Amino acid sequence: MPRRLVLTLCLVAAATPAWAAQPSADAILQRAFDNYRAKNSQSTLSMTIHRPTWERHMGVRAWTRGAGDALVRFTAPAADAGNATLKLGNDTWVYNPKLNQVIKLPASMLSQAWMGSDFSYNDLSKSEDLISQYTHRIVGSEQAGGHAVWSIEADPKPGAPVVWGKVVLKIRDDSVFVEETFYDQDMKPARRMTVDRIASLGGRPYPVVMTMHPLDQPNQWTQVQTSDARFDVSAPAYLFTLSNLQNPRS
Amino acid sequence: MLAALAWRNLWRRPQRTLLSVLSVAIVSGLLVFILSFQNGVYGQMKETTLRIFDGYAELQANGYADDPSLDHAIADPASIAQQAQKARGVSVAAPRVNGFAILANGPRSYAAVVIGVDPDREARLSSIPTRIEAGRYLQHADTDSAVVGDLLAKNLGVGVGGKVTMLGSARDGSVAADVLQVRGIYHSGIPDLDRSILEMPLQRAQVTFQMQDAANTIALGGPSLNSVDRALPALRALASRAGVALRDWQQMEPAMSDEIDLKYLTSLLFYVALVLVVAFIVLNTLLMSVLERTREFGMLMALGMRPGQIAGMVWIELLALAAIGCAIGVAIGGAITFWLQQVGVVFPIDPKLLEQFGIPTRLYPSLSALSALAGPGALAAAIAIGGLVPFGRIRRLTPALAMRAA
């Protein structure tokens with residue numbers, strides 16, 4: 001009888017997913033990324049850029065492939081429609097319809113604002129860095145809205161070519177990002193991305209409204225609202241090419 | 001009466017007096033020249049560096065210094081520039097739009113600062129128009145033209161007549177895109193500028209960056225840095241009236257300002273040492289003569305002079321000596337400095353090395369009341385203060401003992 005009990009316990013332990021008992025920070029983060037972008041994704045979003053003196057609304061279509069590739073096309077307003085950004089691995093190109101030209105972004109530009117927003121090109125092209133260039137540890141957990149929420153601190157690996165001093169993420173137990181705070185090299189919070197609404201989208205819980213706040217500019221923010229998303233539907237390979245960036249086939 | 005006595009005493013030992021006068025004169029003259037030379041070199045360094053691009057002062061939109069973005073703009077730069085030009089000492093006020101963009105030529109692309117400029121005013125303010133290596137500077141009627149630094153041109157692989165594509169963010173957040181033709185390539189000698197600045201016509205930049213009639217900064221120029229510095233109070237009043245910020249050269253080039261302050265400070269140590277050494281030599285001579293003259297002082301006291309009067313007499317001797325020495329030093333040092341100020345001084349140093357520091361090959365001292373009088377004045381003051389030392393000794397003298405001294 002004791003033997004069988006031990007055996008049963010062992011079996012139960014083996015069958016239980018590791019995270020249920022003792023989730024690792026790496027695993028939580030990786031699953032949140034997987035939930036956010038899947039193997040590949042197609043989405044339609046609107047971006048609102050708020051400034052003390054003006055506000056802009058832009059329409060966006062975005063495609064991602066794997067962890068490294070992304071294509072973002074602006075559809076509105078008319079003045080910006082047709083502008084597009086393509087990211088393949090570590091390289092980023094932009095297309096401007098007025099110039100009818102594709103320009104590769106120099107590394108020195110990657111920290112600049114992306115299309116006048118509070119996101120930088122780095123947010124687009126270096127998103128993967130958060131997994132590969134940082135070490136992660138769980139620094140806290142709390143209960144919110146019927147979910148457990150993990151706080152994970154990401155510290156740059158020694159010598160990692162990153163701009164942040166550290167990043168603190170809050171991730172729900174259903175692998176949805178809730179908040180992301182970026183600290184500068186002096187460990188002061190520099191900007192914070194908040195998730196304002198989580199809903200089911202494309203068959204999964206998804207942060208459909210996210211807002212980036214630069215913390216030194218109180219009246220300034222950029223909000224991204226995802227209205228439609230499909231995950232793990234195969235996208236044609238030509239989508240992520242320079243020629244498609246300049247002359248979209250669809 | 002005391003002065004007459006002192007004067008006569010000075011020439012009882014003409015050789016000793018002349019030697020002391022000479023050492024005071026030489027050091028005074030030297031100080032006049034060194035200070036004037038230092039002022040001149042730093043002045044030229046400042047003017048040369050500021051004239052390349054910054055201007056001698058700058059009006060800018062409030063908040064621009066902390067966050068140099070297109071958003072911080074002066075709505076009506078034309079009228080403010082016109083008012084600034086009316087300030088005495090300011091000869092030109094040049095509005096500028098300062099954007100940031102990617103410049104591309106085919107597969108090559110680099111980040112650059114894009115400055116919209118008024119070509120005519122820029123020519124009176126900045127030396128970039130005179131440092132064109134190939135092609136020409138912007139002209140009044142230019143539209144889609146640009147001039148770039150030689151390093152930027154090399155990086156982009158573009159020559160005169162070539163085209164560069166510009167892509168950045170406009171003031172309203174939309175995309176600022178333009179294609180410009182390179183008309184000229186400049187070499188300012190400052191690698192940071194040559195690598196990163198493209199100048200284009202102001203109006204075109206205002207359209208491309210959605211600025212309407214606005215500008216970010218107004219660079220100010222004048223016949224000299226001093227003349228603009230003197231206009232600062234008037235400019236400050238104008239700035240607060242117009243709701244813009246004024247920055248003087250120290251605020252625009254804080255590193256250069258600090259460097260010059262540091263150099264003045266280190267050379268000050270040297271001047272202090274020089275002044276002290278000469279003052280001690282002169283005082284040493286004085287002490288010796290006081291010792292030698294103990295008998296004489298005893299005699300004077302026996303005749304009814306009070307010790308205080310004797311000490312005063314000795315002090316006046318010393319003051320006269322210092323005054324003569326300083327006067328000769330200022331006269332000769334000033335004359336030589338004034339002459340060199342006309343013809344200039346050339347040092348056998350590689351001109352390229354000097355160019356790096358913004359120093360021209362021919363250097364001109366700058367003689368002023370301050371540079372002529374500060375050194376000799378300090379020397380005279382040091383001697384005058386040190387000359388109080390023998391007072392104690394003289395006051396303790398009694399006629400009988402003093403007269404019996406050797």
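These figures come from a predicted structure and were not determined experimentally.

Caption draft 1: Region of interest: the overall build of chain A. Per the secondary structure count, chain A includes six helices and 13 strands. By residue count, 26% of the 250 residues in chain A fall in the buried class. Sequence-distant contacts in chain A: of pairs separated by 6 or more residues, those separated by 24 or more amount to 40%.

Caption draft 2: Looking closely at unusual backbone geometry. Residue and element names in this part refer to chain A. In the segment running from A76 into P77, the intervening peptide bond is cis, with an omega of -5°. If you trace the backbone, P77 turns up in the loop between β3 (69-76) and β4 (84-88). Here M115, not a glycine, exhibits a phi torsion of approximately 55°, which is positive.

Caption draft 3: Main features of the nonpolar core. All names here are of chain B. By size, the foremost hydrophobic cluster in this structure holds 94 residues, and its most contacted members are A84, L103, V164, L167, L198, I218 and L220. Here this core gets eight residues from one element, more than from any other, and that element is strand β2 (residues 92-105). With near-sequence residues (within four places) excluded, I218 lies in contact with E58, L59, I74, P77, I80, A81, A84, A93, A94 and P95. The next biggest cluster of nonpolar side chains, apart from the first, holds 37 residues, and it includes V41, M301, I310 and C326.

Caption draft 4: How the structure looks around the interface of chain A and chain B. Taken together, the contacts link 19 residues of chain A with 15 residues of chain B. Only β5 (91-96) and β6 (101-104) of chain A provide two or more residues apiece to the side of chain A that touches chain B. Here the side of chain A that touches chain B gets three residues from one element, more than from any other, and that element is β6(A). Of the residues assigned to the side of chain A that touches chain B, the class counts are 10 nonpolar, five polar and four charged.

Caption draft 5: Quick peek at helix α15 (residues 369-386) of chain B. All names here are of chain B. Across its 18 residues, α15 extends 25 Å between first and last C-alpha, which sits within 8% of the 26 Å expected from 1.5 Å per residue. Of the residues making up α15, those classed as buried are S371, A372, G375, P376, L379, A380 and I383. Close packing links the buried residues of α15 with α2 (14-52), α11 (254-292) and α13 (307-343).

Cut-offs applied
- Residues numbered from 1 in each chain as written.
- Chains lettered and ligands numbered in written order.
- Predicted model: local features only at pLDDT ≥ 70, side-chain atom pairs only at ≥ 80, totals over all residues.
- Helix = DSSP H or I, 4+ residues; strand = E, 2+ residues; numbered from the N terminus.
- Buried ≥ 20, exposed ≤ 12 C-beta atoms within 10 Å, placed from the backbone.
- Contact = placed C-beta atoms within 7 Å.
- Core = buried A, V, L, I, M, F, W, Y, C linked by C-beta atoms within 7 Å.
- Nonpolar A, V, L, I, M, F, W, Y, C, P; charged D, E, K, R; others polar.
- Expected span 1.5 Å × (residues − 1).

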